[in-house]
Each structure stands twice: as structure tokens, then as C-alpha cells.
Amino acid sequence: MSLFGLGARQPTSAEKISAVENELKVIAEMHTRMIKICSTKCLDKTYREGELSKGEAVCLDRCSAKFFEAHQKISDQLQQQQQQQQGGGGRF
């Protein structure tokens with residue numbers, strides 16, 4: 001703790017483990033949503049071939065890239081909002 005008790009408290013090992021577990025859950029949920037959305041959008045439902053067609057592969061690549069880009073932008077904005085809320089609470 002810093003002078004006058006204004007320093008940030010360091011997270012405990014249990015809190016760190018919990019944070020990592022929560023992040024893994026978020027990543028797993030994001031992956032599941034991406035698979036569902038992109039496969040619905042890009043894959044032919046009749047499964048005529050054992051391999052992906054070039055069009056399907058390109059569609060999946062673009063869909064997943066857009067999905068990750070959107071997820072990253074949202075995560076960045078949420079992080080900024082959280083930092084603003086934490087930083088603005090102790091000001092006079």
C-alpha cells in the first residue's frame with residue numbers, strides 16, 4: 001500500500017486464478033458463437049463434398065477475422081470504460 005493508503009491493492013493468487021478462469025470462459029464462449037455464426041453463414045447445409053470449397057474457406061476466413069476484430073474493439077472499449085470508472089472514483 002502506498003503513502004496515505006491511496007495505492008491500489010494487489011490481487012491475491014486466488015483472484016488472479018479466478019480472472020484467468022473467467023477469461024478462458026469468455027474465449028470459449030466467443031469461439032462457440034463464432035463457429036455457430038460463421039458456419040451458418042458460410043457452409044452449404046447439404047455437405048456435398050468432404051472438403052471445404054474455396055468459397056467456403058474464404059468465407060470462413062473473412063467471417064472469423066471480422067468476428068475477432070469486432071470482439072477486440074468491444075473489449076478495448078469496455079476496458080477503457082472500466083479504467084475511467086476506476087480512475088474517476090478517487091478524484092476531488
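- An unreviewed UniProt entry lists the protein chain under the name Mitochondrial import inner membrane translocase subunit, with Schizothecium vesticola given as the organism.
- Of the protein chain, the UniProt comment under Subcellular location (unreviewed entry) reads exactly: "Mitochondrion inner membrane".
- The UniProt entry for the protein chain carries the following text under Sequence similarities (unreviewed entry): "Belongs to the small Tim family."

## Quick look at the overall build of the protein chain
And then number 1: What the protein chain contains, in helices and strands, is two helices and zero strands.
And then number 2: Of all 92 residues assigned to the protein chain, the portion counted as buried reaches 9%.
And then number 3: By element, 57% of the accessible surface of the protein chain is carried by carbon and sulfur atoms, the whole surface being about 8300 Å².

## What to know about the environment of A65
And then number 1: Looking at where A65 falls in the secondary structure, it is placed in helix α2 (residues 54–88).
And then number 2: Accessibility expressed as a relative area gives 44% for A65, which makes it partly exposed.
And then number 3: Taking the C-alpha atoms as reference points, A65 and M34, 31 residues apart in sequence, are found 9.9 Å from one another.

## A word on the side chain of S64
And then number 1: Topologically, S64 is positioned in helix α2.
And then number 2: For S64, the side chain forms a polar contact with the main-chain oxygen of D61, separated by 3.0 Å.
And then number 3: In contact with S64, not counting residues within four places along its chain, are M34 and C38.

## A look at a nonpolar patch on the surface
And then number 1: On the surface, a nonpolar cluster with roughly 280 Å² of combined accessible area is contributed by V20, L24 and I27.
And then number 2: Owing to a relative accessible area of 54%, L24 belongs among the exposed residues under this scheme.

## Overview of the state of the cysteines
And then number 1: For the coordinates displayed, the defined rule picks out two disulfides.
And then number 2: C38 shares a disulfide with C63; S-S distance 2.0 Å. Its torsion about the S-S bond being -85°, the disulfide of C38 and C63 is classed as left-handed. With C38 in helix α1 (residues 13–42) and C63 in helix α2, this pair connects stretches of sequence that are 25 residues apart. This pair shows no difference in class: C38 is buried, exactly as C63 is.
And then number 3: Each disulfide pairs two cysteine sulfurs, and for C42 the partner residue is C59, the sulfurs being separated by 2.0 Å. Disulfide C42 to C59: torsion about the S-S bond roughly -65°, handedness left-handed. A residue pair is termed long-range when its members are at least 10 positions apart, and C42 in helix α1 and C59 in helix α2 qualify at 17 residues.
And then number 4: On the basis of relative accessible area, C42 is assigned to the buried category, the value being 9%.
And then number 5: Take the cysteines of the protein chain that form disulfides and number them in order along the sequence; they join up as 1-4, 2-3.

Conventions and cut-offs
- Residues numbered from 1 in each chain as written.
- Predicted model: local features only at pLDDT ≥ 70, side-chain atom pairs only at ≥ 80, totals over all residues.
- Heavy atoms only, no water.
- UniProt positions renumbered as here; feature names shortened; annotations may be inferred.
- Helix = DSSP H or I, 4+ residues; strand = E, 2+ residues; numbered from the N terminus.
- Buried < 20%, exposed > 50% of the residue type's maximum accessible area, 1.4 Å probe, protein only.
- Areas by Shrake-Rupley, 256 points an atom, 1.4 Å probe, with all protein chains shown as cover.
- Polar contact = N/O pair within 3.5 Å; in protein donor to acceptor, adjacent residues only side chain to side chain.
- Contact = heavy atoms within 4.5 Å.
- Patch = residues over 30% accessible without salt bridge, like charges linked within 9 Å, V, L, I, M, F, W, Y side chains within 5 Å.
- Salt bridge = Lys/Arg side-chain N within 4 Å of Asp/Glu carboxyl O.
- Disulfide = S-S within 2.5 Å.

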